[in-house]
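Single-letter residue listing:
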Amino acid sequence: QVQLVESGGGLVQAGGSLRLSCVASGRTFSSYRMGWFRQPPWKEREFVVAITGSGIRTRYADSVKGRFTISRDNAKNTVYLQMNSLKPEDTAVYYCAADPSGYSNYTYWGQGTQVTVSS
């Protein structure tokens, strides 16, 4: 069982930045693909970005390319999401998720952290 705890959300003005963190329990963190997802108000949850266990490969949703950066520190069991040039449409609950399979099958989810971007 893996537990994920996100932090770093908050209220920011458009154009600002936030960095989200997600700390995972367990000793096999480095083998998990990790992803960030978000759920805007009144909408379905959507994919934001993913990173392989080694941290070498990443994949971004088109809506965040060039503005968001995912990274991980396997020594700290932590994945980060640096969000720059935030827009009001980035407002959502952000979730981190762990994929032990490596095939985008996200089995473990955090509780989410709210990000609100004011215009």
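Residues numbered from 1 in each chain as written. Predicted model: local features only at pLDDT ≥ 70, side-chain atom pairs only at ≥ 80, totals over all residues. Heavy atoms only, no water.

J.: Describe in detail the pairing of strand 8 (residues 78–83), supporting the description with residues and values.
T.: Strand 8 sits mainly inside the fold: five of its six residues count as buried. Across six bridges, the pairing between strand 3 (residues 18–24) and strand 8 is antiparallel. Among the inter-strand pairings, V23 is bridged to a residue of strand 8, identified as T78. Pairing analysis gives six bridges linking strand 7 (residues 68–73) to strand 8, with the strands arranged antiparallel. From the neighbouring strand, D73 faces strand 8, where its bridge partner is T78. Between the end of strand 7 and the start of strand 8, which pair antiparallel, lie four residues, with N77 showing a positive phi angle near 55 degrees. (Buried < 20%, exposed > 50% of the residue type's maximum accessible area, 1.4 Å probe, protein only. Helix = DSSP H or I, 4+ residues; strand = E, 2+ residues; numbered from the N terminus. Pairing = 2+ DSSP bridges.)

J.: Run through the state of the cysteines, naming residues and quoting values.
T.: Tallied over the full model, the rule gives one disulfide. Note on cysteine connectivity: C22 is disulfide-linked to C96, with sulfurs 1.9 Å apart. On the sign convention where negative is left-handed, the bridge of C22 and C96, at about 45 degrees about the S-S bond, is right-handed. Of this pair, C22 sits in strand 3 while C96 sits in strand 9 (residues 92–99); the two residues are 74 residues apart in sequence, bridging distant segments of the chain. Relative accessible area serves as the criterion here: at 0%, C96 is assigned to the buried category. (Disulfide = S-S within 2.5 Å.)

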